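Breakdown of the fold
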Amino acid sequence: MRKTLCLLLLVCLLLPLCACGQEEASYPVSLWFSEDDPLASAMTTAVEEYNRAKKASAPPLALRRFENDAALERALNTARPDLLLCSHTLSFSLDERSLLTDAVVSVSYPEAVAYRAEGIGRSVYPIGSRVQLLCAREDLPAGLDALCARAASYGADTRLPFLGADSYADLLCQLVLDSGEFHADRERDCFSEAFRAGWNALADAAFSGGLYVGDAGAAALLKSELPAVIVYSDALAEGVPVGYTLSLFCPEGTPLLADQRTLAVLSRDGKQQRGAAAFLRWFFSGDRAAKLALSCALIPALPGGEGADALSSLLLSLRERTLWLPDGGSDYIQNRAAFEQDFRRAMDLLK
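Read on for a plain summary of the structure. Remember, it's a predicted structure, so these values are computed and weren't measured experimentally. (Residues numbered from 1 in each chain as written. Predicted model: local features only at pLDDT ≥ 70, side-chain atom pairs only at ≥ 80, totals over all residues. Heavy atoms only, no water.)

1. Here we look at the pairing of strand β1 (residues 29-34)
The buried count for β1 comes to six of six residues, which makes it a mostly enclosed element. By the alternation rule, side chains of β1 split into V29, L31 and F33 and S30, W32 and S34, which are all buried. The pairing of β1 with strand β2 (residues 61-66) spans six bridges and is parallel. Residue pairing in the sheet places S30 in a bridge with A62 of β2. (Buried < 20%, exposed > 50% of the residue type's maximum accessible area, 1.4 Å probe, protein only. Helix = DSSP H or I, 4+ residues; strand = E, 2+ residues; numbered from the N terminus. Pairing = 2+ DSSP bridges.)

As structure tokens, this is what we get:
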């Protein structure tokens, strides 16, 4: 009888501990991202793999998708996820406002990446960066001036566009960066010699009909008959279209305008932090993060990955280049969309 009572007492003591373990694992770690994020599909697959492979005691990850970055940022005004997949412009600003949490997971980044923000490797984890690439159906001379001259000649002969860009605002930004005097301020940069030269070259191409200024995005431009298209690298994640070759259109050694995708940690609860840390340790083990970045046509922020084709080889070759990552609060970021509309409208009037 005494043994039976002891066993019953032991069971009673263990039940609350079991319940605590179940409770800890029953609250998923939340990860937010926008559906148009370059890493959205690959990260979804990675989370599914993690949830299958994780320890039984570790909480699963639960994904919440938003239509776009604007919707995601609005949601942050009323709630906080444990993990956030977003651009550096958002994660760095959250870090500066002390809204991020150290995940107790230290990831060592190359100095070219680590210098950019205080919390990199502790609360902000860069994954990869997208940059502008030139896709062309013919061998073209280096430099935008020569490219625009070819577009102007082609337009004059055929009255068809030769050159298109996913973002002319970013194209002009890269030109001013090449000059070494970029301020990310429209009032100052628009008076620079590099900006005026780039604007005039594009205007000459537009006047002859050689510049595409319609509303088609990167995917549509790549499927069109345009001989030359400047797009962000992630637009090529499904493969480089047949007949196109890849190159950079900016000089060797100049900074590359980039959009860096990151994971940021916002969790304040201890259990959720441990769950987030478990995922981060898994995600950044080996070269998993680098391979995922390459699969999405991004320059990996960490070592690893192989150049299996022309695109991945080019991206890996750019890993040592200096990347220019604009501040989220800069005039360039705040007014980029409005400038893009103004530019296309002005160029359309020249046709």
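2. Describing the environment of P255
If you trace the backbone, P255 turns up in the loop between β7 (245-247) and β8 (256-265). With 81 residues separating them in the primary sequence, P255 and Q174 have C-alpha atoms 8.2 Å apart. Setting aside residues no more than four positions away along its own chain, P255 makes contact with Q174, L177, D178, T322 and W324. (Contact = heavy atoms within 4.5 Å.)

3. Focus: the nonpolar core
Counting residues in hydrophobic clusters, the biggest one holds 79 residues, and the most contacted among them are M43, L84, Y125, L263, F279, F283 and F284. Counting 28 residues, the second largest nonpolar core, distinct from the first, contains L171, L175, V176 and M347. (Core = buried A, V, L, I, M, F, W, Y, C linked by side-chain atoms within 4.5 Å.)

4. Observations regarding helix α15 (residues 336-350)
Side chains three or four residues apart in an α-helix point the same way, a direct result of the helix having 3.6 residues per turn. With 15 residues, α15 should reach 21 Å at 1.5 Å per residue; the first-to-last C-alpha distance of 22 Å fits that figure. The complete set of buried residues in α15 reads F339, E340, F343, R344 and M347. The buried residues of α15 occupy one face: seen down the axis, they fall within an arc of 130°. Opposite the buried face of α15, by more than 90 degrees, sit the exposed residues A337, Q341 and L349. (Expected span 1.5 Å × (residues − 1). Arc of directions from axis to C-beta.)

5. Points about the pairing of β8
Judged by how many residues are buried, β8 sits mostly within the fold: ten of ten residues are covered. Side chains L256, A258, Q260, T262 and A264 project from β8 onto one buried face, and the interleaved L257, D259, R261, L263 and V265 project onto a second face that is buried too. As paired elements, strand β3 (residues 83-87) and β8 share five bridges and run antiparallel to each other. Pairing of S87 across the sheet is with R261, part of β8. Where strand β4 (residues 124-136) and β8 come together, seven bridges link them in antiparallel fashion. In the strand pairing of β8, V124 is matched with A264. In terms of strand pairing, β8 meets strand β10 (residues 323-324) through two bridges, oriented parallel. Looking at the pairing, L256 lines up with L323 of β10.

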